[in-house]
Amino acid sequence: MAAGQGAFSLREVLAAFQTCVTERREVLLGPYLSGWRGLIRFLHSLGAIFSFVSKDAVAKVQIMENYCCGEQREKYVSLQSMVEYELANGLVDIQKRSGRPDSGCRTVLRLHRALRWLQLFLEGLRTGREDSRTSVICTDSYNASLATYHPWVVRKAATVAFCTLPSRNAFLEIMNVGTTEEAVTVLGEALPYICDVYGITQELFARHKLLDLP
């Protein structure tokens, strides 16, 4: 299925991120991209408000799927094997971008940053009150994550768009897991797995000085 198609189900995202991390604490790219396809469906279900994120995520997932199905597919089984392979073969532009295709490291870094925003936003929805303003939750999450990497004009447009977001209960209904209470419960199950994947990725990229790739 192409990234972004079909109805969103939070349980699909939960299932994908549950199977992401191996016993050796490696992040498998197959389940990671599957989880991202589910998150993209979530963004698409909200309409054009989040298109500034979802369009880029779709493109990045497609790039990674091409690597995972390409000639060097065995090097792209896990995040760790990808980083080792690309660094050893000089495929990562560390200082400035060259004219060659984006590396897997740079591509995952962009998804990684967006995952942090979604993680914070979904956690805010989970812990918020019924009358919590989703625009505030979303803006706070964005300012604590993705906003750092966006130019002023994008940040301004994003925060204006967030003011049109639906209510917290409407968001929880979009999760497609039953009542709002059930959605909160499933979010509580899913978020620790998403946080774990984010933490492993952050540590790996920090260790190899990949967190500021151009």
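It should be noted that the structure appears before, not after, this text.
Residues numbered from 1 in each chain as written. Predicted model: local features only at pLDDT ≥ 70, side-chain atom pairs only at ≥ 80, totals over all residues. Heavy atoms only, no water.

1. Focus on the overall build of the protein
In step 1: The helix and strand inventory of the protein stands at nine helices and zero strands.
In step 2: Taken from N to C terminus, the helices and strands of the protein fall in the order α-α-α-α-α-α-α-α-α.
In step 3: For the C-alpha atoms alone, the extent of the protein along its principal axes is close to 50 × 40 × 30 Å.
In step 4: Summarising the internal contacts of the protein: among those between residues at least 6 apart in sequence, 72% fall at separations of at least 24.
In step 5: Carbon and sulfur atoms form 52% of the exposed surface of the protein, whose accessible area is close to 10,300 Å².
In step 6: If the 24 positive side-chain charges of the protein are averaged to one point and the 22 negative ones to another, these points end up 7 Å apart. (Helix = DSSP H or I, 4+ residues; strand = E, 2+ residues; numbered from the N terminus. Contact = heavy atoms within 4.5 Å. Areas by Shrake-Rupley, 256 points an atom, 1.4 Å probe, with all protein chains shown as cover. Lys, Arg positive; Asp, Glu negative; His and termini not counted. Charge placed at Lys NZ, Arg CZ, Asp CG, Glu CD.)

2. Re the environment of lysine 55
In step 1: Topologically, lysine 55 is positioned in helix 3 (residues 51-68).
In step 2: Each C-alpha atom of the pair lysine 55 and valine 83 lies 25 Å from the other, and the pair is 28 residues apart in sequence.

3. Considering the side chain of threonine 201
In step 1: By secondary structure assignment, the location of threonine 201 is in helix 9 (residues 180-207).
In step 2: Threonine 201 has contacts with Val27, Leu79 and His112, leaving out every residue within four places of it along the chain.

4. Quick notes on the pattern of salt bridges
Should the charged atoms of two oppositely charged side chains come close, the side chains can pair.
In step 1: One pass over the structure, following the stated rule, counts nine salt bridges.
In step 2: The shortest N-O distance in the salt bridge between aspartate 196 and arginine 25 comes to 2.6 Å. Of this pair, aspartate 196 sits in helix 9 while arginine 25 is found in the loop between helix 1 (10-18) and helix 2 (29-45), placing the two residues 171 residues apart along the sequence.
In step 3: A salt bridge links glutamate 65 to arginine 37, with the nearest nitrogen and oxygen atoms 2.4 Å apart. With glutamate 65 in helix 3 and arginine 37 in helix 2, this pair connects stretches of sequence that are 28 residues apart.
In step 4: The exposure class assigned to glutamate 65 is buried, which follows from its relative accessible area of 16%. (Salt bridge = Lys/Arg side-chain N within 4 Å of Asp/Glu carboxyl O. Buried < 20%, exposed > 50% of the residue type's maximum accessible area, 1.4 Å probe, protein only.)

5. Topic: the packing of helix 1 against helix 2
In step 1: Two elements in contact, helix 1 and helix 2, have axes separated by 8 Å at closest approach and are oriented at 160°. As judged from the angle between their axes, helix 1 and helix 2 are roughly antiparallel. In this structure, the crossing between helix 1 and helix 2 has a hand that is left-handed. Between helix 1, through Glu12, Val13, Ala16 and Phe17, and helix 2, the contact on the second element is made entirely by Pro31, Tyr32, Ser34, Gly35, Gly38, Leu39 and Arg41.
In step 2: Grouping the amino acids of the contact of helix 1 with helix 2 by side-chain chemistry returns six nonpolar, three polar and two charged. (Axes fitted to C-alpha atoms, helices over the stretch in contact; angles between N-to-C directions. Parallel < 35°, antiparallel > 145°, perpendicular 65-115°, else oblique. Left-handed = near helix turned anticlockwise from the far one by under 90°. Nonpolar A, V, L, I, M, F, W, Y, C, P; charged D, E, K, R; others polar.)

6. Describing unusual backbone geometry
Note: most peptide bonds trans; most residues except glycine with negative phi.
In step 1: Phi at arginine 25 is positive, roughly 65°, even though this residue is not glycine.
In step 2: Although it is not a glycine, asparagine 176 adopts a positive phi angle of roughly 60°.
In step 3: Relative to the helices and strands, asparagine 176 resides in the loop between helix 8 (168-174) and helix 9.
In step 4: By relative accessible area, which is 46% here, asparagine 176 ends up partly exposed.

7. Brief notes about the packing of aromatic side chains
In step 1: Enumeration over the complete set of coordinates arrives at 13 aromatic pairs.
In step 2: Relative to tyrosine 76, the ring of tyrosine 67 lies with its centre 4.9 Å away and its plane at 10°, an arrangement referred to as stacked.
In step 3: We classify tyrosine 67 as partly exposed; its relative accessible area is 22%.
In step 4: Taken together, a centroid distance of 5.2 Å and an interplanar angle of 85° make the contact between phenylalanine 121 and phenylalanine 171 edge-to-face. Of the two residues, phenylalanine 121 is situated in helix 5 (residues 104-127) and phenylalanine 171 in helix 8; the sequence distance between them amounts to 50 residues. Comparing phenylalanine 121 with phenylalanine 171 shows no difference in burial state: the two are buried.
In step 5: Feature note: the residues Phe8, Phe42, Phe50, Phe52, Trp117, Phe121, Tyr142, Phe162 and Phe171 constitute an aromatic cluster, connected by ring pairs.
In step 6: The ring of tyrosine 149 is capped by arginine 113, whose NZ or CZ atom sits 3.7 Å from the centre of that ring. (Phe/Tyr/Trp six-rings, centres within 6.5 Å; stacked < 30°, edge-to-face > 60°. Lys NZ or Arg CZ within 6 Å of the ring centre and 35° of its normal.)

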